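The lines below spell out each chain.
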Amino acid sequence: MYSFHKMHALGNHFVFFDEVGQDFSRLKKPRILQLLCDPRRGIGADGIVFIMDPRDPKHHCRMQMFNTDGTEAEMCGNAIRCVAHLFKGHCLGIEPVLIETGGGIREVRFESACNGTASYRVEMGSASFDLVSTGELVAEKDRKPLDWEGEKLEPIHVNVGNPHAVLFVDEPWDEDEMVRAGAWLETHANHPRRINVEFVQVVSPHEVRVHVWERGCGMTQACGTGATAVTAAGIRAKKLQSPVTVHMPGGDLSISQEKNGVLFMAGPVQEIASGKLTPAYLHTLA
């Protein structure tokens, strides 16, 4: 029987399957993942996450994340806080939790709990601004200008476990324009492996408002790696100073960057429900 948990982090909601000591490969097919994410015919989610045995016994677990379109993502900042919360619930006393992701090892520490919401702090590693060597951005000589409806867009490209194109804008864009521009930038020829897109307004050196188009998902309420990428890009461009409060439609994350360049993300998670896929529903997945 396939048991699951549903959780959200600032409205960014996910379905989690505990695959430790089990094989859930049956569910890891694009059509099935898309169906599970469908709020009408499935459970409804921004992504599906499998919690697995670690490859290295020095770590506690591994997370495998899939977007709503069935594609695999390297890393998810909001989901990893949920993974740590679920893991700690089963293995009390472990602190910190070391989690393997497709974007590297992440250390997650519990901070506080209040009224059913728990807060966790994640060591996100250092940002990389060299996306050419990883194949996530074409070489400058082959790059096409990003001309969008008469405006030349100049994003800052940054990888914080997954790739992002951070756009600093003077005036807020309406949602329809962000949807169209986000979809266009995600699949633009400059981004061979597709990319996440952030639309950022600077409020002060320590505060920003952000909307995120997530690769493989669309507009979401919040994005942990997106908030981290925005902070790293803003500090590099001398628009921001650590720490930074990142306001998103679903709520706020706190991002800080140490002198050595290591980034930290802190924010809440909340459990919504748990259950099992029914035999009748599993039959439709065959």
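Heads up: the structure comes first, above all this text.
Residue indices follow the written sequence of each chain, beginning from 1 at its first position. Whole-chain, interface and lining totals are the exception, using all residues; otherwise, since this is a predicted model, local features are given only for residues with pLDDT of at least 70 and side-chain atom pairs are given and counted only at 80 or more. Excluding hydrogens and water, the side-chain figures rest on all heavy atoms present in the structure.

**Q** Whenever I open this one, the overall build of the protein confuses me. Can you help?
**A** For helices the rule is a DSSP run of H or I covering at least 4 residues; for strands it is a run of E covering at least 2, with both sets numbered from the N terminus onward. In terms of regular secondary structure, the protein is built from five helices and 18 strands. Restricting the calculation to C-alpha atoms gives the radius of gyration, and the globule rule supplies 2.2 Å times the number of residues raised to the power 0.38. In terms of overall dimensions, the protein is globule-like: its C-alpha atoms have a radius of gyration of 19 Å, near the 19 Å expected for 286 residues. Counting only C-alpha atoms, the protein reaches 55 × 40 × 35 Å along its principal axes. Whether a residue is buried, partly exposed or exposed follows from its accessible area with a 1.4 Å probe, protein chains only, as a fraction of its type maximum: under 20%, in between, or over 50%, in that order. Taken across its 286 residues, the protein has 51% of its residues classed as buried. For this analysis, residues touch if any pair of their heavy atoms sits within 4.5 Å. Across the protein, contacts joining residues at least 24 apart in sequence account for 64% of those joining residues at least 6 apart. Note on areas: these come from Shrake-Rupley sampling with a 1.4 Å probe, and a residue is covered only by the protein chains present in the view. Surface exposure of the protein reaches about 12900 Å², of which carbon and sulfur atoms provide 49%. Neither His nor the chain ends is counted toward charge; the positive residues are Lys and Arg and the negative residues Asp and Glu. In plain terms, the charge of a residue is placed at NZ if it is Lys, CZ if Arg, CG if Asp and CD if Glu. Averaging the positions of the 29 positive and the 36 negative side-chain charges in the protein gives two centres separated by 5 Å.

**Q** Help me out: how do you make sense of the nonpolar core in this one?
**A** Generally speaking, soluble globular proteins have nonpolar side chains that are buried together. The criterion is simple. A nonpolar core is a set of buried Ala, Val, Leu, Ile, Met, Phe, Trp, Tyr and Cys residues joined through side-chain atoms within 4.5 Å. Residues F16, M63 and I99 are the most contacted members of the largest nonpolar core, which totals 50 residues. A per-element tally of this core places helix 2 (residues 77–90) first, with seven residues. Residues F17, L27, L33 and L282 belong to the second largest nonpolar core, which totals 19 residues.

**Q** Please explain the pattern of salt bridges as it appears in this structure.
**A** Side-chain pairing between opposite charges can occur once the charged atoms of the two side chains come close. For this analysis, a salt bridge means a side-chain nitrogen from Lys or Arg found within 4 Å of a carboxyl oxygen belonging to Asp or Glu. All told, the structure shown has twelve salt bridges when counted by the stated rule. K58 is the partner of D56 in a salt bridge, and the nearest nitrogen-oxygen pair spans 2.9 Å. Overall, the relative accessible area of 62% leaves K58 in the exposed class. A salt bridge links E74 to R215; the shortest N-O distance between them is 2.5 Å. Taken as a pair, E74 in the loop between strand 5 (72–73) and helix 2 and R215 in the loop between strand 14 (207–214) and strand 15 (218–220) lie far apart in primary sequence, 141 residues in all. Members of the salt-bridge network, linked through shared partners, are E74, E136, R193 and R215.

**Q** Help me understand the packing of aromatic side chains in this model?
**A** The rule is short: rings of Phe, Tyr and Trp, with Trp giving its six-membered ring, pair when the centres are within 6.5 Å, and they are stacked under 30 degrees, edge-to-face over 60, tilted in between. The final tally for this structure, using the stated rule, is nine aromatic pairs. Between F17 and F50, the ring centres sit 5.5 Å apart and the planes meet at 20 degrees, which makes this aromatic pair stacked. Here F17, found in strand 2 (residues 12–18), pairs with F50, found in strand 3 (residues 47–52); they are 33 residues apart in sequence, far enough to count as distant. Taking the relative accessible area as the measure of exposure, F50 reaches 0% and is therefore buried. When the ring of F50 is compared with that of F66, the centres are 6.0 Å apart and the planes differ by 85 degrees; the resulting orientation is edge-to-face. With F50 in strand 3 and F66 in strand 4 (residues 61–67), this residue pair connects regions lying 16 residues apart in the sequence. The buried category is assigned to F66, whose relative accessible area is 6%. The rings of Y2, F4, F17, F24, F50 and F66 are connected pair by pair, giving a single aromatic cluster. Sitting above the plane of the F264 ring, R121 keeps its charged end 4.0 Å from the centroid. Comment: the charge-over-ring label is applied if NZ (Lys) or CZ (Arg) is within 6 Å of the ring centre and within 35 degrees of the ring normal. Here K239 stacks its cationic end above the ring of F168, 5.4 Å away from the centre of that ring.

**Q** When you look at the environment of V166 in this model, what are you seeing that I'm missing?
**A** Tracing the backbone shows V166 in strand 12 (residues 163–168). Residue classification places V166 among the buried positions, given a relative accessible area of 0%. Here the alpha-carbon distance between V166 and Q64, two residues 102 residues apart in the chain, equals 25 Å.

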